[in-house]
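# Analysis of the macromolecular model
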Amino acid sequence: MSLDQPQLDTSPEVSDEVRKTTCYMCACRCGINVHMKDGKVAYIEGNKDHPVNQGVLCAKGSAGIMQHNAPSRLRAPLKRVGERGKGEFEEISWDEALTLATEWLAPVRENHPEKLAFFTGRDQSQSFTSFWAQGFGTPNYAAHGGFCSVNMAAAGIYTMGGAFWEFGQPDWDRTKLFMLFGVAEDHDSNPIKMGIGKIKKRGARMIGVNPIRTGYNAVADDWVGITPGTDGLFILAMVHCLMKAGKVDLDYLARFTNASVLINEDPKSDDFGLFLRDSDGQPQVIDRRTGDLAPWNGQGVEPDLSATYRHQGVTHRPVFHQMADRYLSDEYAPEAVADRCGIPAQRIRAIAADLARVAFDEAIELDRSWTDFRGVKHDKMIGRPVSFHAMRGISAHSNGFQTCRALHVLQIILGSVEVPGGMRFKPPYPKPATAHPKPHGKVTPGTALDGPHLGYTHGPEDLLLDAEGNPTRIDKAYSWENPMSAHGLMHMVISNAHAGVPYKIDTLFMYMANMSWNSSMNVGGVHKMLTDKDDNGDYVIPRIIYSDAYSSEMVAYADLILPDTTYLERHDCISLLDRPICEADGVADAIRWPVVEPDRDVRGFQSVLCDLGARLNLPGFVNEDGSQKYKDYADYITNHIRRPGVGPLAGFRKGEDGPQGGRGDVNPDQIQNYIDNGGFWIEHVPDNAAFYKPFSMEYQDWAVKMGFYDAVQPYIFQLYVEPLRKFQAAAEGIGERQPPEHLRERLKRTMDPLPIWYGPLEDDQVDLDEYPVHALTQRPMAMYHSWGTQNAWLRQIHGHNPLYVPTKIWEANSFVEGDWAKVSSVHGSIVVPVAHQASLNENTVWTWNAIGKRKGAWALDKGASEATKGFLLNHLIHELLPPKGDGLRWANSDPITGQAAWFDLRVKIEKSAIPNEAQPAMPAIKSPVPQGPDALAWKVGK
């Protein structure tokens, strides 16, 4: 070897500095290390110390560098100069933009605050944006949950005080049988992948229930290719099998659920179907020790599942008796549901038997003592190592609320919630519906709303209705049409505002909500609504203010654009008040902070609201002398107090002996403390409080100390949800507040206090012989909603989306690779490329969502594959169901919560001639930013 070989540095410095923050390439909120070189982002990796991802980072997270440098980034405030929808703007200064916004909004607040509709998309600062809207005084505020997964969240809160993902997770370290229902691959992806890896390593079994076998389901030990919209029927058939075999945890049901609570069974009584209560309003059980009535939470009480009570000629039976009456019926036998679900009866029975075997024959014990709320001390924690996880796939149906409730009941009868090996809540959950606020909507010009917008109704008295019984919100949330709409109905705002029902609005103000494209049903119709003019030549929706970081499709339809930063350029607060990063064993929250300063004239939207709130003199945003209270969002995060000792961040609060977690005073160095700690804070749940959280006094005392709530409030799971019965009773003519006649039958049918199944509402409106095929969308792992498909790296993974077709339909149409198909619904048709997929439910087609783009948006070339071969199923879906014989058109939503029923879509499919591009091909819109280069390349550092 030559002696003059070059000296190579095999470990060069890859960065000058590492700045730790929180990813926002999906809603996982993983910790990231941002490597800096010469003040610029060089690359991004996972933070090994972070509680969410422990160093794991997916393709999206790594591609954050391309999102930060995307050519589509907006560059300055914009004012529309052409016709709405054309994309013609002029750049203006921030002072002009905020002055204009103030001139538009100030008269609205002083005269008719409800005429502002303020709705935000997939931001993670909803506790702040709702605080701003409440100060403005409008009742019309909500975020994207109404078209995402409110059915799952609301069903979980009403049933057991939490659900999946941000509320809870499987006990990945101990579970032995894991069932996954309908989880999009971009949701919580790193923790789910890590969890599946853990159970695979231990030899535990995974069952995937999904019409589509991709991603998580592709690695499942068993795949159940269920017919869309029938998950609830399948689940209740398993409940039938378990109850018939006696494989239910009776001790768990008696102690920790309302299975033992007594119900009035006199059909002639106004209290029919309601709980028997004592003079203090406490639901009653029979105490096995005495045989007498006792409150459910009485000290030492041992609730009896079998005893009945008769008083003054009225029989009261426990909830469990009603469950037996219903679910032991042959109606729910596997043989009765198999054809509808597309799952053989023998297989349903086998899965139910496996659940029972693992839950009861493979039970586990932890030698940890704990004390329940009745004062009973337990030496051990008994674990049922069966766990479940589910999200939008089962909830985005018009029967989704009851389906989600059914899944929660299945978990509960197995005794597998909040036990070792089962489903565990993430602090600050569990929180039952009674611990949440009720919705508020009282409008007083010039003043704040009378309370929080969103919450949980407990009966007709909580609905937001005017004196004539009409909805007081523009989206009709918390009305008789959607009585338990805990997240609002963002998908109905534009159509209701255009129709002027229940009233007209003045200004539509939206943030990060691509409502003119992939976030709306009936895309072409929405375009018309946004651009429609009245007889005077004025826009039907007079003003639209929009904030986004990128030149999305929605930008073209706004009158004023307030450009946001990228997630690496701003402060964010992933708060316990909102959507925290907690894991089951620890309470945690996190921040984002400007690891780089913007190189454009843009501002973080939350900081803009601080400025705009002060200009509008909103309470909470101005000091007593009228000056601006918070100079920016970071100032708000640090100094805002929601209630004594509780602010947006729970970590590093000021205590007597230095920074402390939980309750504490304002700490001026709080954000810097987070930065120094890697961008997050975590405090672990005490070992003896780690399970049985709703019932454990150790947990309750710790939760009060941490500030989750101000007083201990143990509760029992609600297998029977009494508020549902109250709405049902009103529809039957009981009580002072009753629904309009045309809604009575629907309320009686759907608002059953025990989980039921009914077919998707579209099936009742459509000729199923003509439209026999189910059509679904699914999120890919490599994308997060619409903004991922403008990312230069991620586009190489998903540059366009075909329609995937199962073998039966593929062969019936004689499709070959490269073919295109016409897909039609009762609402419209599209022409798209098709691809064969054998691992599909035989009557289901599907595609990736949000990959298709409109020409002119996102700084993409007009001939980009996303705009020519990419497409949306949204064109086939309408926000209203087809007309009925009575002339009424119902919202295409769950009738209980109002969640958008994206996955009820029925279509027909036929071979089509190959067009030049996917149809409908909408005309290009002008972009306020120039088209990006063919290739992105830059040099960071020397």
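Anyway, here's the lowdown on the structure attached to this text. (Residues numbered from 1 in each chain as written. Predicted model: local features only at pLDDT ≥ 70, side-chain atom pairs only at ≥ 80, totals over all residues. Heavy atoms only, no water.)

### Details of the environment of glutamate 302
Structurally, the position occupied by glutamate 302 is in the loop between strand 14 (293–295) and strand 15 (309–311). For glutamate 302, a relative accessible area of 31% puts it in the partly exposed group. In this structure the C-alpha to C-alpha distance between glutamate 302 and valine 832, which are 530 residues apart in sequence, comes to 62 Å. Not counting the four nearest positions on each side in its chain, glutamate 302 is found in contact with Ile286, Asp287, Arg288 and Arg289. (Helix = DSSP H or I, 4+ residues; strand = E, 2+ residues; numbered from the N terminus. Buried < 20%, exposed > 50% of the residue type's maximum accessible area, 1.4 Å probe, protein only. Contact = heavy atoms within 4.5 Å.)

### Digging into the sheet that holds strand 11 (residues 222–224)
Sheets are built from strands that pair by backbone hydrogen bonding, the pairs being arranged parallel or antiparallel. With respect to topology, 4 strands assemble into an open sheet ordered 11-10-9-21, the strand pairing being parallel. Since the sheet does not close on itself, it has two edges, and those belong to strand 11 and strand 21 (386–390), each with one partner. Averaged over all pairs of adjacent strands, the angle between their axes in this sheet comes to 15°, without regard to strand direction. Note that strand 9 (residues 177–181) and strand 10 (residues 205–209) share 5 bridges and pair parallel. Considered in strand 10, the bridge of phenylalanine 178 is made with methionine 206. Lying over the sheet, helix 8 (residues 231–244) contacts strand 9 and strand 10, oriented at roughly 155° with respect to strand 9. (Pairing = 2+ DSSP bridges. Axes fitted to C-alpha atoms, helices over the stretch in contact; angles between N-to-C directions.)

### Observations concerning a negative patch on the surface
Taken together, the side chains of Asp9, Glu13, Asp16 and Asp38 make up a negatively charged region of the molecular surface. If you trace the backbone, aspartate 16 turns up in the segment before strand 1 (17–22). (Patch = residues over 30% accessible without salt bridge, like charges linked within 9 Å, V, L, I, M, F, W, Y side chains within 5 Å. Areas by Shrake-Rupley, 256 points an atom, 1.4 Å probe, with all protein chains shown as cover. Salt bridge = Lys/Arg side-chain N within 4 Å of Asp/Glu carboxyl O. Lys, Arg positive; Asp, Glu negative; His and termini not counted. Charge placed at Lys NZ, Arg CZ, Asp CG, Glu CD.)

### Notes on helix 6 (residues 189–202)
Taking 1.5 Å per residue, 14 residues should reach 20 Å; helix 6 reaches 20 Å between its end C-alpha atoms and fits that length. Looking at the buried residues of helix 6, the elements they touch are helix 1 (59–62), strand 9, strand 10, helix 7 (215–218) and strand 21. Positive backbone phi, approximately 80°, marks glycine 203, located one or two places after helix 6. (Expected span 1.5 Å × (residues − 1).)

### Thoughts on the pattern of salt bridges
Enumeration over the complete set of coordinates arrives at 55 salt bridges. Arginine 205 is the partner of aspartate 222 in a salt bridge, and the nearest nitrogen-oxygen pair spans 2.7 Å. Taken together, the residues aspartate 222 in strand 11 and arginine 205 in strand 10 connect sequence positions 17 residues apart. Aspartate 354 is the salt-bridge partner of arginine 357, the closest N and O atoms lying 3.6 Å from each other. With arginine 357 and aspartate 354 both in helix 12 (residues 345–361) and 3 residues apart, the pair spans about one turn of that helix. Judged by its relative accessible area of 34%, arginine 357 is partly exposed. Put simply, Arg205, Asp222, Asp354, Arg357 and Glu362 are held in one network by salt bridges that share partners.

Read these as spatial facts, not as claims about activity.
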